[in-house]
Amino acid sequence: ADVSAAAAAAAGGGTLVLCEDPASSNGTSSRATGTARACGTDLPPRPAHHVLRPDVDPRVDQSVLIRFDPPEHLRTGAAVVIFPGGNYENVCMDKEGHHVAVWLNGLGITAFVLRYRCTTEGHYWPAQLEDAELALRLVRSNSTAWRVDRRRVGVLGFSAGGHLAAMIANAE
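Residues numbered from 1 in each chain as written. Predicted model: local features only at pLDDT ≥ 70, side-chain atom pairs only at ≥ 80, totals over all residues. Heavy atoms only, no water.

**Re the sheet that holds strand S3 (residues 48-51)**
Reading across the sheet, the five strands line up as S3-S4-S6-S5-S7 and stay open at both edges, with mixed pairing between neighbours. Sheet topology places S3 and strand S7 (153-157) at the edges, where each strand pairs with a single neighbour. This sheet shows a mean twist of 25° between the axes of neighbouring strands, independent of strand direction. In this fold helix H3 (residues 94-106) packs onto strand S4 (64-68), strand S5 (79-83), strand S6 (110-115) and S7, with an angle of close to 170° to the strand it touches most, S6. (Pairing = 2+ DSSP bridges. Helix = DSSP H or I, 4+ residues; strand = E, 2+ residues; numbered from the N terminus. Axes fitted to C-alpha atoms, helices over the stretch in contact; angles between N-to-C directions. Contact = heavy atoms within 4.5 Å.)

**Considerations on the confidence of the model for the chain**
On average, residues of the chain carry a pLDDT of 82, and 74% of them reach 70 or more. Low pLDDT, under 50, characterises residues 1-39; the stretch is placed with 56 contacts to residues that sit more than four places away or in other chains. (pLDDT = per-residue confidence, 0-100.)

**Points about the side chain of Ser 63**
Relative to the assigned elements, Ser 63 resides in the loop between S3 and S4. In terms of polar contacts, Ser 63 uses its side chain to reach the side chain of Arg 53, at 3.1 Å. Among the polar contacts listed, one links the side chain of Ser 63 to the side chain of Asp 61, at a separation of 2.5 Å. Each residue touching Ser 63, except ones within four places of it in the same chain, is listed here: Val 51, Leu 52, Arg 53, Arg 115, Tyr 116, Arg 117 and Asp 131. (Polar contact = N/O pair within 3.5 Å; in protein donor to acceptor, adjacent residues only side chain to side chain.)

**Topic: helix H5 (residues 160-169)**
Of the residues making up H5, those classed as buried are Ala 160, Gly 161, Leu 164, Ala 165 and Ile 168. Within H5, the buried residues cover an arc of 145° as seen down the axis, which keeps them to one side. Summarising the contacts, the buried residues of H5 are in contact with S5, helix H4 (127-141) and S7. (Buried < 20%, exposed > 50% of the residue type's maximum accessible area, 1.4 Å probe, protein only. Arc of directions from axis to C-beta.)

**Considering the nonpolar core**
One finds Leu 65, Val 81, Ile 82, Phe 112 and Leu 114 to be the most contacted residues of the largest nonpolar core, which totals 36 residues. Mapped onto this core, the elements with two or more residues apiece are S4, S5, H3, S6, H4 and H5. Filtering out sequence-adjacent residues up to four positions away, Leu 114 remains in contact with Leu 52, Val 64, Leu 65, Ile 82, Phe 83, Pro 84, Val 91, Met 93, Asp 131, Ala 132 and Ala 135. (Core = buried A, V, L, I, M, F, W, Y, C linked by side-chain atoms within 4.5 Å.)

**Examining the packing of aromatic side chains**
Evaluation of the coordinates by the stated rule reveals three aromatic pairs. Judged by centre distance (5.7 Å) and plane angle (55°), the ring pair of Tyr 88 and Trp 125 falls under tilted. Note that Tyr 88 is positioned in the loop between S5 and H3 and Trp 125 in the loop between S6 and H4, a separation of 37 residues in sequence. By relative accessible area, Tyr 88 is classed as buried at 14%. Note on Phe 112 and Trp 146: the rings are 5.4 Å apart at their centroids and 40° apart in plane angle, and the pair reads as tilted. Here Phe 112, found in strand S6, pairs with Trp 146, found in the loop between H4 and S7; they are 34 residues apart in sequence, far enough to count as distant. Its relative accessible area of 0% is what places Phe 112 among the buried residues. Looking at Trp 146, the relative accessible area reads 10%, which means it is buried. These aromatic residues form a ring-pair network of at least three members: Tyr 88, Tyr 116 and Trp 125. (Phe/Tyr/Trp six-rings, centres within 6.5 Å; stacked < 30°, edge-to-face > 60°.)

**Let's talk about the packing of H4 against H5**
The description of two helices packed together rests on the angle between their axes and the distance between the axes. Where H4 contacts H5, the axes come no closer than 10 Å and their chain directions differ by 60°. For the element pair H4 / H5, the angle class is oblique. The hand of the H4/H5 crossing is right-handed. On the side of H4, the interface is formed by Gln 128, Leu 129, Ala 132, Glu 133 and Leu 136, while H5 contributes Leu 164, Met 167 and Ile 168. (Parallel < 35°, antiparallel > 145°, perpendicular 65-115°, else oblique. Left-handed = near helix turned anticlockwise from the far one by under 90°.)

Here's what the structure looks like:
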């Protein structure tokens, strides 16, 4: 029910309420019914999707960088590019991507989740490293528009994404 309430609020761009619904005769909460009302906390802004190679057919290249902006009152100017794991065969975008981005947003950090190309799509090493390098170039080149300090961009990776983060951190 929590997920459906969040989805309902996100679809409408409204707010999600996790309080008891006084209009309900049986005392159920809006969390249990999956409805969203305008008396609670605001949802974060929707993530912005940036295609890494807009000139390439998306059926061939599905790499995308997803930007999660922190609330204005917490914004620090720092940014982290997250490389989820998945053995280079798939990308675990939820637990190792979106959830971490939301956590970083709570700390005032702008988070970017990279959906890199995978071997199961016919993209072998170093395609993933090329995606990671392009993602960092994209973040730094758009730092002013995205209100990020280009000198405060870090990387974070899990499993195969950790390998990418180490390769990027040690690149010359």
